[in-house]
Amino acid sequence: MSKVLVTETVLRDSHQSLAATRMTTEQMIPVLEKLDRVGYHSLEAWGGATFDTCLRFLGEDPWERLRVIRSHVKNTKLQMLFRGQNILGYRHYADDVVAYFVQKSIANGIDIIRIFDALNDARNLVTAIKATIREGGHVQAAISYTTSPVHNNRSFAAYAKQLEEMGANSICIKDMAGLLKPYDAYELVKILKETVKIPIQLHTHYTSGLASMTLLKAIEAGVDVVDTAISPMAMGTSQPPTEALVAALQDTQYDTGLDLTVLDEVNRYFSAIRDEYLQSGLIDSKVLKVDVNALIYQVPGGMLSNLVSQLKMAGASDKLGEVLAEVPRVRADAGYPPLVTPTSQIVGTQAVNNVLSGKRYAATTKEFKALVRGEYGKCPAPISDEFRRSIIGDAPVIDHRPADDIPPEMENLKKAVAPYAEQEEDLLSYALFEQVALKFFEQRNQKKYRLDPAADAKAGVHSV
């Protein structure tokens, strides 16, 4: 067994999980060259919710963030999370948009694209995988890990084999809710190593308190790369701490080779940021707790905060227990989808509706109807005809690749964004987040013609 490689998540999933993805590029810049010196396998630095948050809340251009990170990180691979046909948005996009997004991501500095589908429907990964191969990027195809009567290690291994045959360069076990238990991880990694020839990476969350133990058992089973977060931004709903794993493996056959002295410099930098986030309330103490009930409800951290927010707005915070109990029932009705964006939001919102209305499925969201109809792809288990009819009536079921129904979008997008575009990438920002992107373009334009910083601050225009 050669040394274990480490992917650091502090620039993406760590602050997405703990601090609503609010870390700014300005906060990242001073530590980037230190991160580059650590010797990580890769830095997960982009994708996921970072794109949306840059535009919507931070007044930043996500493409410029990527270019800035790349300019400071010369020796370490940069990695992003990509939602298959959903890209970084919340619906399926046309194949030409998916391919162009991949092209621009790699052109702006991404080396590894971790591509997943919420339903583990390989048809939703085809375009992104082909585009990544064409652009010379590393395809890391991910298995959305979950537990249910229809999910088991054999089914995950069969999916991994399919992904390898589609051209994946590595496989990621993506355990978004911290559901993977240590001995289950050992068995899963073992069977994957027997099934595919490409490297296996493990991504998990500390939510249920198992993550460090899970990593250790996966390492003993032969996993090649693991995801961790520097300790000030670790644990809770984030990843297990980097330094603890490095120390645990020192002087063993699995030694990561990472220098704890350099990691301490990184630690001290992010300790100050964590303190700032705690004082401002950006990190809520709730997300730092271990919640073993996650193993029962299978609710990822981001989904939990979303449920709490929905109930708060409805003046029904006392109903959280009922909603958490309803989530697994809705999930079973819908064919046991793994709970990750966007299915986590779809199932969660429907569970809230079921509880608040007092009658299950009295009010169904258009997204839940779309999931049941097959607009997001094939659910892992068959949905009963009776239940499907109760939700969508006689509407036809989609049993083909959903994106086959989406005509090319690029030409119309070019025309729509032409009055605002300052770079080719603006088309993609607009494609994914139309109104949010337009507001950002307007702010960017105002800033360009303002000379008075005080006026900018008063107008709420943020630095890009």
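First things first, this report covers the structure right here in the doc. (Residues numbered from 1 in each chain as written. Predicted model: local features only at pLDDT ≥ 70, side-chain atom pairs only at ≥ 80, totals over all residues. Heavy atoms only, no water.)

Description of the packing of aromatic side chains
And then number 1: Applying the stated criterion across every chain, the model contains 16 aromatic pairs.
And then number 2: Judged by centre distance (5.6 Å) and plane angle (55°), the rings of Phe51 and Phe101 are tilted. Of this pair, Phe51 sits in helix 3 (residues 50-58) while Phe101 is found in helix 5 (residues 95-107), placing the two residues 50 residues apart along the sequence.
And then number 3: Centre to centre, the rings of Tyr269 and Phe270 are 5.4 Å apart; their planes meet at 90°, and the pair counts as edge-to-face.
And then number 4: Assessed through its relative accessible area of 24%, Tyr269 is described here as partly exposed.
And then number 5: Positioned above the aromatic ring of Phe57 is the side chain of Arg22, whose terminal nitrogen or guanidinium carbon lies 3.9 Å from the ring centre.
And then number 6: The ring of Phe116 carries Lys174 above its face, with NZ or CZ at 4.9 Å from the centroid. (Phe/Tyr/Trp six-rings, centres within 6.5 Å; stacked < 30°, edge-to-face > 60°. Helix = DSSP H or I, 4+ residues; strand = E, 2+ residues; numbered from the N terminus. Buried < 20%, exposed > 50% of the residue type's maximum accessible area, 1.4 Å probe, protein only. Lys NZ or Arg CZ within 6 Å of the ring centre and 35° of its normal.)

Let's talk about the packing of helix 3 against helix 4 (residues 62-72)
And then number 1: As a packed pair, helix 3 and helix 4 sit with axes 9 Å apart at the nearest point and diverge in direction by 115°. Counting all contacts with helix 3, which are made through Thr50, Phe51, Cys54, Leu55 and Leu58, the residues of helix 4 involved are Pro62, Trp63 and Arg65.
And then number 2: Across the contact of helix 3 with helix 4, the residue classes tally to 6 nonpolar, 1 polar and 1 charged. (Axes fitted to C-alpha atoms, helices over the stretch in contact; angles between N-to-C directions. Contact = heavy atoms within 4.5 Å. Nonpolar A, V, L, I, M, F, W, Y, C, P; charged D, E, K, R; others polar.)

Here we look at the nonpolar core
And then number 1: Grouped together as the largest cluster of nonpolar side chains are 103 residues, with contacts concentrated most on Phe82, Phe101 and Phe270.
And then number 2: Of all the elements, helix 5 adds the most residues to this core, at 7 residues.
And then number 3: The contacts of Phe82, once residues within four sequence positions are left out, are Ile87, Leu88, Val98, Phe101, Val102, Ile113, Arg114, Ile115, Phe116 and Ala128.
And then number 4: Judged by nonpolar contacts, the second largest core, of 28 residues, contains Leu307, Ala334, Leu339 and Val355. (Core = buried A, V, L, I, M, F, W, Y, C linked by side-chain atoms within 4.5 Å.)

Focus: the packing of helix 14 (residues 320-333) against helix 15 (residues 343-357)
And then number 1: Where helix 14 meets helix 15, the axes come as close as 8 Å, and the angle between the chain directions of the two elements is 120°. If you check the angle between helix 14 and helix 15, you find them oblique. In terms of crossing hand, the pair formed by helix 14 and helix 15 is right-handed. Counting all contacts with helix 14, which are made through Glu322, Val323, Glu326, Val327, Val330 and Arg331, the residues of helix 15 involved are Val347, Gln350, Ala351, Val352, Asn354 and Val355.
And then number 2: When its residues are assigned to classes, the contact of helix 14 with helix 15 shows 7 nonpolar, 2 polar and 3 charged. (Parallel < 35°, antiparallel > 145°, perpendicular 65-115°, else oblique. Left-handed = near helix turned anticlockwise from the far one by under 90°.)

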